[in-house]
Structures are given as C-alpha cells and as structure tokens.
Amino acid sequence: MPSLLSRVRSGLCAATAAILLACWGPSLPAAAESTSIARVDRNGTPGENVHFTNGESATTTLFELRVDDDTTVAAYCVDVSRNVDYTAAYTMAEWPQLPGAAHAGKIVWIVRNSYPVLPLEEVAEHSGIDGLSAEQAIAGTQAAIWHFSNGIQLRPPGFGDSGAAHVHALYRYLLDHATPVAEPDAPLGLVPTEVVGETSSSLGPLTVHTTGDAPVRLTVNGIGEAALVDADGSPVFEARDGDEILLALPADVEEGTATVYARTDQAEILPGLVYTGKDGVQTQPLVVADTATIALTVAARVSWNAPDSAASASPSGSPSDAPAPEQSASAPAPTPPAEPAAPIVAEDKRIEADLSLTGTWLGAVLAGALALLGLGAVLILVTWRRRR
C-alpha cells in the first residue's frame, strides 16, 4: 500500500492541478471555424464605467468581433442584461430579433456618427467636448446604445468629475441628434433560406443578394447530378445582386436534400450590422461599429419529395387545407410585452465583478494554492515525527 506521505503528495498535486485547470482552461485556443462564423476576441478596448439612474453600474467595452480568420471589426453591446460568451459562434442577425428593434434606426445612426467610425477628434468637434478621450467616447456611445436597446438612463455626473461629465455630454449629444436611418443590408444572402418542392420540376427560385459589385460564386452540394440554372434552363456558376437561380434535378432522382452555397471574397461589413449567437446560442448581441471587407459564404437548403409521396403527405381534406376559424370580433387584441422599467446589468458588466487578471481574482487563486501547499507541509511534518 502507498505510504501516507505518497498519498499526501498525490492529493496535493491533484488539487493544485484542478485549481490551475479551472482557472486557465477556458482561455485555451478554440478550434478553427468557418470564415462565415464570427467570434468575440478577448482583447477588447475598455471604456469608462457608467452609472445609471436606477442605481446600477456597468463597465463598457469596445469589443473586437473576429469576422474571419484575418479580420476583426469593432462592436458595441446591444443588450446590457446579457453576458458575452467568448466561446460562442456568432452569425449575422436581423434587428427585429434583438432588443431595441423599435429604435434600430437610431442605434445605427449612433454607431455611424461616433467613435470609432469617426475619428476621436471629429467626435469631439461635433459634440463640442474638449479633451474627449477614447475611454470616455466608448462609454458615452455605449450608454446611448443601451438607452435605446434597454431603456436605461445615465446618471448626471457629480461635481468636479470631469471624466463622467464628458461621458454624459457625449451621451446627451448622441441622444439629442439620433435620427432614424436605414439599417444596412446583409453583404450576402440567398432568399429564401429553405425551399421544399417535388422532383417533377426545377426547385426555387433562390434570389441572390449582395452589396458588392463582383459576381458571387455558386455551388451545390448533396446531389452530384443536380445543376443550378437560370429561368431559361441554362447552367449558372456565378450570379449578381438580384439574379434568380433554380435547382434542376435529374428525372430519376429519389427524394432528398441539397445545399446551395453562395460565396464572395468581397463582402463589405458596414456599421450597424448586428451579430448574435448562431443557432440560438445565448450570448451578448453586438452591433458593428466599423467597416471591413471579408470572405463570406451563405447557404440555402433545398428539399424535394417524389410527387406521389408529396400528395400522400398532404391528403385532401387534411387539417392544413381546412379554412382557419374566424376570430371573434369581441376578442381583445393581444397586448405586447412591456419594456422592463429597470434593466438588470449582466454579471460580466458589473463593476464589482470586473476584477483585473493580476488583482483580486489572481490573488484568490494564489491564496488557495498556498493554503493547499501549507496543509501538505503540515501533514508531511506530522508523518515524519511519528516515524521518528
């Protein structure tokens, strides 16, 4: 049997390793992702802390959103009540899916007319704020976005607090001048994203949307004999904005599914585009505050059934063919959910939780490790004395 000294040493090593793994494990590099998937880098630029009239406080950060392997764009938070999941895969979203959708046009105006889309000197000149720093510009811009996305109000600064005064002055300037503008179009798209049909005809059409002038490359995967064609039946391998394409199937194909891909190396990311967690992953939605040109791929799914199976799947007289019941004239209209009066600040933005890597958080880790080392030393000393 192993000696008490050996058991002490083994337990001490295991406990220390567990502490180090728990602390440093999450920062291990993630596997490479598709260029159409974005992730949030951990090296964002911190802004000043902000304080709200409801008594809450929050940190601010200008995030770096990695939109492909070589390109990042600056981005602000859209929801003060959500945490940022640095491991989450992000994808482009639409404003109606996000908080503040009713004020999306004003949020887009804010990011286009503040830092870093505009140089710091230009923001200071437009707002009339002398000595505006980057940290103050980030905080004032973020607070203005949260005002429209979450309904927060920034607390007026105290006497002599020039830093908070600059933040509040920019916040007020942006709110007073925010004018609804058109939301930017997605740089690349296939509409609709899903088509269902029968094998007896060409499936579609799919419409290509792109903000670039270069042609978009088209491919299909999942069925080797299928071809992408135009309305005249001619094969197509590229398309431009507004072009419609069809998926032509061979006559003897069985029911199945294929994926149509559109790819460009000249997708232009514009300020005001929004990203959120892919496939419903819960993470902090972000609004882009920068411009970049990237490679991007989008996909649409095409499914088909044999004509007889499609008919049997929807027999005549099925509930899907029945007319919808009329709604009673006296039935009250549904009431939209009310906006929260006092938004909750996410834990990763609370000031008291924003511990420096070399400060309180690391100190607690080292203290725990030292305590384990001390315990091990005491047990070793007791064992040695007993043997004597």
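To be clear, the structure that these remarks concern was listed above.
Just so it is clear, the structure is predicted and the values come from calculations on it, not from any experiment.

(A) Examining the sheet that holds strand S14 (residues 244-248) more closely. The strand order across the open sheet formed by four strands is S8-S10-S14-S12, and the pairing between neighbours is antiparallel. The open sheet has two free edges, formed respectively by strand S8 (188-191) and strand S12 (227-229), since each of these has just one partner strand. The average undirected angle you get between the axes of adjacent strands in this sheet is 30°. Bridge count between strand S10 (residues 203-210) and S14: three bridges; the pairing is antiparallel. Residue pairing in the sheet places Leu-203 in a bridge with Leu-247 of S14.

(B) Molecular detail of the pattern of salt bridges. Counted under the stated rule, the structure contains seven salt bridges. Two residues, Arg-217 and Asp-265, come together in a salt bridge whose shortest N-O distance is 3.5 Å. Of this pair, Arg-217 sits in strand S11 (residues 216-221) while Asp-265 sits in strand S15 (residues 256-269), placing them 48 residues apart in sequence.

(C) Spotlight on the side chain of Arg-350. Tracing the chain through its elements places Arg-350 in the loop between helix H6 (307-313) and helix H7 (360-387). In this structure the side chain of Arg-350 is engaged in a polar contact, spanning 2.9 Å, whose partner is the side chain of Glu-56. In terms of polar contacts, Arg-350 uses its side chain to reach the backbone carbonyl oxygen of Val-345, at 3.1 Å. If sequence neighbours within four positions are ignored, Arg-350 has contacts with Glu-56, Ser-57, Thr-59, Ile-344 and Val-345.

(D) Here's a closer look at the packing of helix H4 (residues 134-150) against helix H5 (residues 162-177). Two numbers describe how H4 lies on H5: the axes approach to 8 Å, and their chain directions differ by 45°. On the basis of the axis angle, H4 is oblique to H5. Handedness of the H4/H5 crossing: right-handed. Every residue of H5 that contacts H4 at Gln-136, Ala-137, Ala-139, Gly-140, Thr-141, Ala-143, Ala-144, His-147 and Phe-148 is listed here: Gly-163, His-166, Val-167, Leu-170, Tyr-171, Leu-174 and Leu-175. Partitioned by chemical class, the residues of the contact of H4 with H5 number 10 nonpolar, six polar and no charged.

(E) Structural detail: the packing of aromatic side chains. Applying the stated rule across the entire model yields one aromatic pair. With centroids separated by 6.2 Å and ring planes inclined at 85°, the aromatic side chains of Phe-52 and Trp-146 adopt a geometry described as edge-to-face. Note that Phe-52 is positioned in the loop between strand S3 (50-51) and strand S4 (57-58) and Trp-146 in helix H4, a separation of 94 residues in sequence. Overall, the relative accessible area of 1% leaves Phe-52 in the buried class. The class for Trp-146 is buried, based on a relative accessible area of 0%.

(F) The arrangement of the environment of Pro-180 in detail. Note on placement: Pro-180 falls in the loop between H5 and S8. Judged by its relative accessible area of 57%, Pro-180 is exposed. For the pair Pro-180 and His-103, spaced 77 residues apart in the sequence, the C-alpha separation amounts to 7.5 Å.

(G) Up close: the packing of helix H2 (residues 104-112) against H4. In contact at an axis separation of 9 Å, H2 and H4 are set at 175° when each is read in the N-to-C sense. Looking at the two axes, H2 sits roughly antiparallel to H4. Where H2 abuts H4, its residues Lys-106, Ile-107, Ile-110 and Val-111 lie against Thr-141, Ala-144, Ile-145, Phe-148 and Ser-149. Residues that form the contact of H2 with H4 fall into these classes: six nonpolar, two polar and one charged.

(H) Inspection of H2 at higher detail. In terms of burial, H2 is a largely internal element, seven of the nine residues being buried. If you follow the buried residues of H2, they end up packed against strand S6 (71-77), H4, H5 and strand S17 (286-288).

(I) View of H5. Taking 1.5 Å of rise per residue, the 16 residues of H5 would be expected to cover 22 Å, and the 22 Å separating its terminal C-alpha atoms lies within 8% of that figure. Of the residues making up H5, those classed as buried are Gly-163, Val-167, His-168, Leu-170, Tyr-171, Tyr-173, Leu-174 and Leu-175. For H5, the elements touching its buried residues are S3, H2, helix H3 (120-127) and H4.

Criteria and thresholds
Residues numbered from 1 in each chain as written. Predicted model: local features only at pLDDT ≥ 70, side-chain atom pairs only at ≥ 80, totals over all residues. Heavy atoms only, no water. Pairing = 2+ DSSP bridges. Helix = DSSP H or I, 4+ residues; strand = E, 2+ residues; numbered from the N terminus. Axes fitted to C-alpha atoms, helices over the stretch in contact; angles between N-to-C directions. Salt bridge = Lys/Arg side-chain N within 4 Å of Asp/Glu carboxyl O. Polar contact = N/O pair within 3.5 Å; in protein donor to acceptor, adjacent residues only side chain to side chain. Contact = heavy atoms within 4.5 Å. Parallel < 35°, antiparallel > 145°, perpendicular 65-115°, else oblique. Left-handed = near helix turned anticlockwise from the far one by under 90°. Nonpolar A, V, L, I, M, F, W, Y, C, P; charged D, E, K, R; others polar. Phe/Tyr/Trp six-rings, centres within 6.5 Å; stacked < 30°, edge-to-face > 60°. Buried < 20%, exposed > 50% of the residue type's maximum accessible area, 1.4 Å probe, protein only. Expected span 1.5 Å × (residues − 1).

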